[in-house]
Amino acid sequence: LPADAFFRANLPTALTFDDVSLATLYSDILPKDADTSTSLSETLRLQIPIVSSDMDTVTESRMAIVMALNGGIGLIHYNMPAKDQVKEVARVKRHIHGLIQDPIAVSPTDLIGDVLAMIEQKKYTFSTFPVNDASGVLVGLLSGNLVKDRYKSKKVADVMTARASLITEQERNVAKDPIKAADAFFNQHVGLNKMLVVDDAGHLRGLVTSSDVERITAEAKSRRKPARDSNFRLVVGAALAPVRKPSGELDRDKIITHVGNLMDESIDAIAVSTAHGHTAGVGDMVRMVRDAFPSLTIIAGNVTSASGVEFLADCGADTIKVGQGPGSICTTRIVAGVGIPQMTALHVAAKGAAAKGVKIIADGGITKSGDIVKALTMADAVILGGLLAGCREAPGEIMEINGKLFKQYRGMGSLSAMKAGSAARYGQDKTDNARKLTAEGIEALKEVSGFADDVLGNLIGGVQSGMGYLGAKNLPELREKARFMRVSPAGQKEASPHDVIEVSTRKN
Ligand code: XMP
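Basis of the calculations
Residues numbered from 1 in each chain as written. Predicted model: local features only at pLDDT ≥ 70, side-chain atom pairs only at ≥ 80, totals over all residues. Heavy atoms only, no water. Helix = DSSP H or I, 4+ residues; strand = E, 2+ residues; numbered from the N terminus. UniProt positions renumbered as here; feature names shortened; annotations may be inferred. Pairing = 2+ DSSP bridges. Disulfide = S-S within 2.5 Å. Buried < 20%, exposed > 50% of the residue type's maximum accessible area, 1.4 Å probe, protein only. Near = heavy atom within 4 Å. Polar contact = N/O pair within 3.5 Å; in protein donor to acceptor, adjacent residues only side chain to side chain. Areas by Shrake-Rupley, 256 points an atom, 1.4 Å probe, with all protein chains shown as cover. Nonpolar A, V, L, I, M, F, W, Y, C, P; charged D, E, K, R; others polar.

(A) Layout of the environment of G339. Residue placement: G339 occurs in the loop between helix 12 (332-335) and helix 13 (342-356). Note: C-alpha distance between G339 and N145 (194 residues apart in sequence) is 56 Å.

Encoded structure:
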């Protein structure tokens, strides 16, 4: 059925991803040719419709960089001091692909045993390190073949290749195109596989590895286009904390100063992220930012109704986040008894978006690429938390349990995240001792899923496959052509592998 007839027929039952399936349609589209680009506002264009969630176990600069390189965007979370969030944004905007700008360096006074312990603890996959003195001046290079147990009691200074014997490159020669500069460097200095970049004072400013040059050159031919601003910098967004005065009213000066600082770093979008966006407080905040910054892309949420979308659009938001309680770490529906299963929420929200000419993003509950295809029949993009939290680029340490690698993933409404700053997102006050914080999220672990490049590659492959089945050459066509069916419990069972013993891990 077309969306309207289908969802009306199923009312008042609310449906989510696994409750529905999309019908195949005549197609003359090859999946690889399906165009996944989308817009979040008049100025913010993405090559893939995927946003990484502004959660403190999902998006900091490292994740935001890889998101933008793959054509999406990351929203930096706000559980950190405001000035640190500005720095995180700056790291993304100043990222030069191929140049590792903060290489992990060791100290000449470290023992090889210390270096081995660090590699083990941080689960590094490399063992060659630049050696810096306390002021960041490059004094040597520690080769990986010396980082061995048998040398563990030796000092780095005694085994490193000293500065005088190292061939380095000046920062000013590589800043424009590090890959090209590195390619020339490795051709000239046969046998070297690290290009160390220094400034005039000898400080280590970056590092390029020959394997990265090869990988990036090969990828350049097949890779999806990065999402860039008009000055060719990667795009990035940041979540905005609703800072309040002791009296309870929004602290306009602090909020506007902070957005101004983010704008100075050329931020592409800010997100007013709350559990309940259809409220006077969120409306005031969106209006306040819109009045001060007329051309900034504002994302706001979360809502699950057409009137919620229309309200935030009237306050000045360009893009509205839809989803209350579908997230993999959410307990809002259990704790508050509130929320609408996600496909129905998207359907009603899309009505509001069409009425106001704004965009919507499906936020939460996505566990596989098929869910993204279904979400994109209603929404302009999706937000991923859990699917990205296991990536190496997500913040947090990797831990090993029974031989398997995990990373922490917690709801922003979990007790520990709220204590770290996000209480306001759930309408609570972390300094309010009289009233205990009520959690609306859990703390969990995600198995390490590899690098975000691969995870995103698999997800987008799935999205393009879905578009191919529907004969949709782009996302507007996907929205227009989608035909829905309700899936029975037996149909759901049939949809997953069954009656076999699985021998390999599915990727998405
Ligand atoms: P997924 O399913 O991708 O969901 O892991 C991520 C989204 O969940 C929302 N979120 C929460 N919702 N309690 C909630 O009810 C929480 O503690 C919580 N933390 C995050 C958020 O919208 C995120 O993008």
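(B) Looking closely at the UniProt feature "domain: CBS" (unreviewed entry) in the protein. Using the residue numbers shown here, the UniProt feature "domain: CBS" (unreviewed entry) corresponds to residues 101-143. For residues 101-143, the end-to-end C-alpha separation is 19 Å, with 26% helix and 21% strand making up the annotated structure.

(C) Up close: the pairing of strand 18 (residues 398-401). Relative to strand 19 (residues 404-410), strand 18 runs antiparallel, the two being bridged by four bridges. The residue bridging E400 from the neighbouring strand is L405, located in strand 19. Linkage of strand 18 to strand 19, two consecutive antiparallel strands, is achieved through a turn of two residues, within which N402 is found at a positive phi near 50°.

(D) Representation of the state of the cysteines in the model. A full pass over the atoms with the stated rule returns zero disulfides. There is no disulfide at C391, and the cysteine sulfur nearest it, in C330, is 18 Å away. Residue C391 is classed as buried on the basis of its relative accessible area of 0%.

(E) Here's a closer look at the site of the ligand. C330, T332, D363, Y409 and E440 are the nearest of the 24 residues found near the ligand. Interatomic distance of 2.6 Å between a backbone N/O atom of G413 and an oxygen atom of the ligand. Backbone polar atom of E440 to a nitrogen atom of the ligand: 2.5 Å apart, as the coordinates give it. Surface burial for the ligand is 95%, taken as the share of its 520 Å² of free accessible area covered by protein chains. Here the residues of the shell around the ligand sort into eight nonpolar, 13 polar and three charged.

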